There are 2 protein chains.
Amino acid sequence: MVARSRRSLGLQHAEPARVTLQDALHALADPVRRQILRALDGEPDFSRACGTFDLPVSKATASHHFAVLRAAGLLEQLDQGPRRLNRLRRAEFDARFPGLLALVLAEPAGDPVSDG
Amino acid sequence: MVARSRRSLGLQHAEPARVTLQDALHALADPVRRQILRALDGEPDFSRACGTFDLPVSKATASHHFAVLRAAGLLEQLDQGPRRLNRLRRAEFDARFPGLLALVLAEPAGDPVSDG
DNA sequence: CCTCCTGTTCGATCGCTATCGTACAGTGGT
DNA sequence: ACCACTGTACGATAGCGATCGAACAGGAGG
């Protein structure tokens, strides 16, 4: 239990090499999480904070989803002031599970809830 | 509801082209189902009946898992007498979600429950 | 210092699904 | 006809996880 100031330099990021297929598939099996990944695709690294995603869930739920994605080695987060910037760990995750992320990113939005 | 004799020529098989990524990922997110797919890998088509898999679940649960896999376009089943022979729909599924099945089949067993 | 903003944590709820035992339905052999 | 075998259908249960509101914790700015 290293206390730090709760947020400082880095967060607990799962090494993609240690992520199990179970964890990866579980993380990707949720439509909201895939939506996050898709939104992150094509954007510059660390250009989007958690709050900038138009998600069909509450703030608390979104926070949960970000944590799952981080634990699955799918994204890296960086604290910048009060906000937490995200980066899609494309290369790392693709090295661990080749082609898997590509399938998710290629999927059409298909989520009528959030798009309206 | 065409009655037939409940089993005759074919079963309701999902066209892999119509399977959503959601369904595919959901189907693959279960370790027992992945175990089935892995066991089916490397075996000749339609050489294994449902009962020949050494699964860590009951007959009823296994039947459920086979149904999910069939619905996800991951396997094709063929009735031969009292038993239902299975075939991994490798090519079809790979055409729909390239590389996804390969990841599952490449995964180590890692399920200490069934192997003993 | 206080206030606003961002994100996490907590506790509770709700729904889905994996699980099981049992009963049922075909098929094949005797 | 009967029985053994294989798999499904059904009803019930349990546990996990997605969800929420509210409270909390830092940082930025006035």
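Each remark here, short or long, concerns the structure printed above.
This one's a predicted model, so the numbers in the text were calculated from it and none came from an experiment.

Enquirer: Would you mind going over the packing of helix α2 (residues 31–40) of chain A against helix α3 (residues 59–71) of chain A with me for this structure?
Expert: Pairs of packed helices are described in terms of their axes, by the angle between the two and the distance that separates them. Residue and element names in this part refer to chain A. The contact between α2 and α3 brings their axes to 10 Å, and the two run at 75°. Comparing the axis directions of α2 and α3 gives the class roughly perpendicular. On the side of α2, the interface is formed by Val32, Arg33, Ile36 and Leu37, while α3 contributes His64, His65, Phe66, Val68 and Leu69. Looking at side-chain class alone, the contact of α2 with α3 contains six nonpolar, two polar and one charged residues.

Enquirer: Looking at this model, I keep getting lost on the sheet that holds strand β2 (residues 75–80) of chain B. Mind explaining?
Expert: Whether parallel or antiparallel, the strands of a sheet pair through hydrogen bonds between backbone atoms. Residues and elements named next belong to chain B. Spatial ordering of the open sheet is given by β1-β3-β2, a layout of three strands whose pairing is antiparallel. Edge positions in the sheet fall to β1 (48–49) and β2, since each has one partner strand and no second. Inspection of the sheet shows β2 paired to strand β3 (residues 83–88) by six bridges, in the antiparallel sense. Bridged to Leu75 within β3 is Leu88. Helix α2 (residues 31–40) contacts β1, β2 and β3 of the sheet and is inclined by roughly 80° relative to β3. In this fold helix α3 (residues 59–71) packs onto β2 and β3, with an angle of close to 120° to the strand it touches most, β2.

Enquirer: Teacher, can you tell me more about α3 of chain B here?
Expert: Because each turn of an α-helix spans 3.6 residues, side chains separated by three or four positions in sequence point in the same direction. All names here are of chain B. Taking 1.5 Å as the rise per residue, α3 with 13 residues should run 18 Å; its terminal C-alpha atoms sit 18 Å apart, in good agreement. Of all the positions in α3, only Ala62, His65, Phe66, Val68, Leu69 and Arg70 are classed as buried. In this structure, the buried side of α3 is in contact with α1 (21–28), α2, β2 and β3. Immediately downstream of α3, the backbone of Gly73 shows phi near 75°, a positive value.

Enquirer: Quick question: what am I supposed to make of the pattern of salt bridges here?
Expert: As a working rule, side chains carrying opposite charge can pair if their charged atoms are close by. Considering all chains together, one arrives at 16 salt bridges over all chains under this definition. Arg87 of chain B is paired through a salt bridge with Glu92 of chain B; the nearest N and O atoms lie 3.0 Å apart. Put simply, Asp45, Glu76, Arg87, Arg89 and Glu92 of chain A are held in one network by salt bridges that share partners.

Enquirer: Hey, could you run me through the nonpolar core in this one?
Expert: Nonpolar side chains tend toward joint burial in soluble globular proteins. Judged by nonpolar contacts, the single largest core of 58 residues is most densely connected at Leu37, Leu74 and Leu100 of chain A together with Leu37, Leu74 and Leu100 of chain B. Among the elements of the structure, α1 (21–28), α2, α3 and α5 (100–106) of chain A together with α1, α2, α3 and α5 (100–106) of chain B are those that each provide at least two residues to this core.

How each quantity is defined
- Residues numbered from 1 in each chain as written.
- Chains lettered and ligands numbered in written order.
- Predicted model: local features only at pLDDT ≥ 70, side-chain atom pairs only at ≥ 80, totals over all residues.
- Heavy atoms only, no water.
- Axes fitted to C-alpha atoms, helices over the stretch in contact; angles between N-to-C directions.
- Helix = DSSP H or I, 4+ residues; strand = E, 2+ residues; numbered from the N terminus.
- Parallel < 35°, antiparallel > 145°, perpendicular 65-115°, else oblique.
- Contact = heavy atoms within 4.5 Å.
- Nonpolar A, V, L, I, M, F, W, Y, C, P; charged D, E, K, R; others polar.
- Pairing = 2+ DSSP bridges.
- Expected span 1.5 Å × (residues − 1).
- Buried < 20%, exposed > 50% of the residue type's maximum accessible area, 1.4 Å probe, protein only.
- Salt bridge = Lys/Arg side-chain N within 4 Å of Asp/Glu carboxyl O.
- Core = buried A, V, L, I, M, F, W, Y, C linked by side-chain atoms within 4.5 Å.

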